[in-house]
Amino acid sequence: MPTSQQWLEVRAHLLERRHELAVEAAGEYPDVPKVAGTPLLTAPHWMPAAPVPLADLTLSLSTSRPFGDFASDLLPDGFASYSEAMAALAAPSVFENRETYRLLDFALPHLTFGIGSYFDGIDVGEACAHEYAARSLGVTGELSLRSSIGNPCDPARRPVNVAISTLTIRHDPASGDATFYLHWRDPKRVGHAGGMYQVLPVGVFQSAGADDFSLWHSMIREFAEELLGAQEIHGVDYDSWPFAQQLTSAARVSYLGMGVDPLTFATDMLTVAVIEAAQFDALFGDLVSHNDEGRVLEGLPFTAANVERFVHHEPTQAAGAALLSLAWQHRETLLTSGTDWAGAPRPSSRGRAAST
């Protein structure tokens, strides 16, 4: 059992080499499919052959079965979980155990969720990442916790919180120019993927009020918070919120797939929101340069060179790299302004309550 100082040394190694370790960790899963030539792990039934309108996805809420403790012998004495150790020894500025929607099953186009908590993911995924970093340092030769979980794309093996990762594209149909936006995640501010690039907005699928069992409502809040610097949003009436109405009218949103980070098991739903230039400028003319989780990069031309750069040559989170690669593959479909691919222009997601 390590001392607190030894635990912190492994944690520092994990933060410093997170991208490199994630690329290496993908090798632990030779039989698990990867997304678009990136380290992101996936299941075949999560990946559609073409973009799917977000409006075509349906949701239901069921009962979550409890998991046993995911104990780790890499925790310092006196700590029962990885989140407890993080909170006491290395808490980022944004670190709160909120209720989440836990993925239970996914048979495209239907997702079944239960209720979980944010620290569920920390206690399993970050603990497994810490274990992997400890082996990298030679502190241990075992990956017993990781081995006990097996395929991390199986929601029956571990609690699965889902983050909705959105590649935002500003598109000028007259010129054909397209611009995308990235986020550099500050390791002092976030509990996951610090020091790496990611698309934006990104947010864990969780409720912020009575009418929030909706993928699109969750995305709207993240657009306001991450691109405009709005304070954390709770209890909003989406039907009377002008920003929500305008964004819903402007954005063409599609689902491209879902995947699991091989190091931390963070699970991301991969979506793209295309907004025509004039509407984008009206909505995001006050685009922030920084938010509560890091720095927002200026818009980058959506070109093969920039996609190649951030997929293969920069420390980009696996989900972000996979999403950029997929979006480039499907660019002709995504940048078409008609409704043939979308079916309907409204980027909503339908939720149905159910009990099992």
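Look up: the structure comes first, before these words.
The structure reproduced in this document is the subject of the present report. Nothing here was measured: the structure is a model prediction, and the numbers come from that model. (Residues numbered from 1 in each chain as written. Predicted model: local features only at pLDDT ≥ 70, side-chain atom pairs only at ≥ 80, totals over all residues. Heavy atoms only, no water.)

1. Brief notes about the overall build of the chain
The condition is simple: Working definition: helices are DSSP H or I runs of at least four residues, strands are E runs of at least two. Numbering for both runs from the N terminus. Based on C-alpha atoms, the radius of gyration is set beside the globule rule, defined as 2.2 Å times the residue count to the power 0.38. Categorising residues by exposure relies on relative accessible area from a 1.4 Å probe, with only protein chains included: less than 20% of the type maximum marks a residue as buried, more than 50% marks it as exposed, and the intermediate range marks it as partly exposed. Note on contacts: a residue pair is in contact if any heavy atoms of the two residues lie within 4.5 Å. Residue-level accessible areas treat just the shown protein chains as cover; the underlying method is Shrake-Rupley with a 1.4 Å probe. The convention is simple: Lys and Arg are positive, Asp and Glu are negative, and His and the chain ends are not counted. Each charge is placed at NZ for Lys, CZ for Arg, CG for Asp and CD for Glu.
Each helix and strand in the chain was counted, giving eleven helices and 15 strands. Against the globule reference of 21 Å for 356 residues, the chain gives a C-alpha radius of gyration of 20 Å, in line with a compact fold. Residue burial in the chain is summarised as follows: out of 356 residues, 56% are buried. In the chain, of all internal contacts separated by at least 6 residues, the share reaching a separation of at least 24 is 73%. Total accessible area computed for the chain in this model is approximately 14,500 Å², and 49% of it derives from carbon and sulfur atoms. Charged side chains of the chain number 23 positive and 43 negative; the gap between the two group centres comes to 2 Å.

2. Here's the deal with the nonpolar core
Taken as a class, soluble globular proteins show a tendency for nonpolar side chains to be buried jointly. We apply this condition: Only buried Ala, Val, Leu, Ile, Met, Phe, Trp, Tyr and Cys residues count toward a nonpolar core, and they belong to the same one when joined by side-chain atoms within 4.5 Å.
One finds Phe113, Trp216, Phe243, Leu247 and Phe284 to be the most contacted residues of the largest nonpolar core, which totals 76 residues. Residues contacting Phe113, with those up to four places away along its chain left out, are Leu59, Ser60, Leu61, Ser62, Tyr101, Arg102, Leu103, Leu104, Val162, Phe205 and Phe213. In terms of nonpolar packing, the next biggest core, distinct from the first, is built from 31 residues, Tyr197, Val272, Phe310 and Leu323 among them.

3. With respect to the sheet that holds strand β12 (residues 290-291)
Filter applied, for reference: Two strands pair under a simple rule: DSSP has to find at least two bridges between them.
The strand order across the open sheet formed by four strands is β8-β7-β13-β12, and the pairing between neighbours is antiparallel. Of all the strands in the sheet, just β8 (197-199) and β12 have a single pairing partner and so form its edges. As paired elements, strand β7 (residues 182-185) and strand β13 (residues 294-296) share three bridges and run antiparallel to each other. Opposite Arg185, over in β13, you have Gly294 as the bridge partner.

4. Re the environment of Ala129
Here Ala129 shows up in helix α4 (residues 118-137). Taking the relative accessible area as the measure of exposure, Ala129 reaches 0% and is therefore buried. Taking the C-alpha atoms as reference points, Ala129 and Arg18, 111 residues apart in sequence, are found 8.6 Å from one another. Beyond its immediate chain neighbours, meaning those up to four positions away, Ala129 contacts Leu14, Arg146, Leu263 and Thr264.

5. A word on the environment of Phe302
With respect to the helices and strands, the residue Phe302 is situated in the loop between β14 (300-301) and α9 (304-313). Residue class for Phe302 comes out buried when judged on its relative accessible area of 8%. With 124 residues separating them in the primary sequence, Phe302 and Ala178 have C-alpha atoms 5.3 Å apart. Apart from the residues lying within four places of it in its own chain, the contact partners of Phe302 are Ile169, Ala178, Thr179, Phe180, Val307, Ala327, Trp328 and Arg331.

6. Quick word on the packing of helix α7 (residues 242-250) against helix α8 (residues 277-284)
Here is the rule: For helices, the axis comes from a line fit to the C-alpha atoms of the stretch in contact; other axes are also lines fit to C-alpha atoms, and the angle between any two N-to-C directions lies between 0 and 180 degrees. Working definition: roughly parallel below 35 degrees, roughly antiparallel above 145 degrees, roughly perpendicular at 65 to 115 degrees, and oblique for all remaining angles. Should the near helix be turned counterclockwise from the far one by less than a right angle, the crossing is left-handed, whereas a clockwise turn marks it as right-handed.
Their axes nearest at 10 Å, the elements α7 and α8 cross at an angle of 160°. What the angle tells us is that α7 and α8 run roughly antiparallel. Handedness of the crossing formed by α7 with α8: left-handed. Judged by residue contacts, Phe243, Gln246, Leu247 and Ala250 of α7 engage Gln279, Leu283 and Phe284 from α8.

7. Regarding the side chain of His130
We apply this condition: Two N or O atoms form a polar contact when they lie within 3.5 Å of each other; inside protein one atom must be a possible hydrogen donor and the other a possible acceptor, and for residues adjacent in sequence the pair counts only when both atoms belong to side chains.
With respect to the helices and strands, His130 occurs in helix α4. Using a relative accessible area of 2% as the deciding quantity, one classes His130 as buried. One polar contact links His130 to Tyr82, side chain to side chain, over a distance of 2.7 Å. Apart from residues lying up to four places away in sequence, His130 is in contact with Trp7, Val10, Arg11, Leu14, Leu74 and Tyr82.

8. Things to note about α4
Formally: By this rule, a helix spans an expected 1.5 Å times one less than how many residues it contains.
Under the 1.5 Å per step criterion, the end-to-end length of α4 is 28 Å for 20 residues, consistent within 8% with the ideal 28 Å. Extensive coverage of α4 is indicated by the burial of 16 of its 20 residues. Positive phi shows up at Gly138, right after α4, with a value of about 85°.

9. A look at the pattern of salt bridges
Keep this limit in mind: Only one rule defines a salt bridge in this text: a Lys or Arg side-chain nitrogen within 4 Å of an Asp or Glu carboxyl oxygen.
One pass over the full model with this rule turns up eleven salt bridges. When the shortest N-O distance is used, the salt bridge between Arg102 and Asp120 registers 2.7 Å. Of the two residues, Arg102 is situated in strand β3 (residues 99-107) and Asp120 in helix α4; the sequence distance between them amounts to 18 residues. Assigned by exposure class, Arg102 and Asp120 land together as buried.

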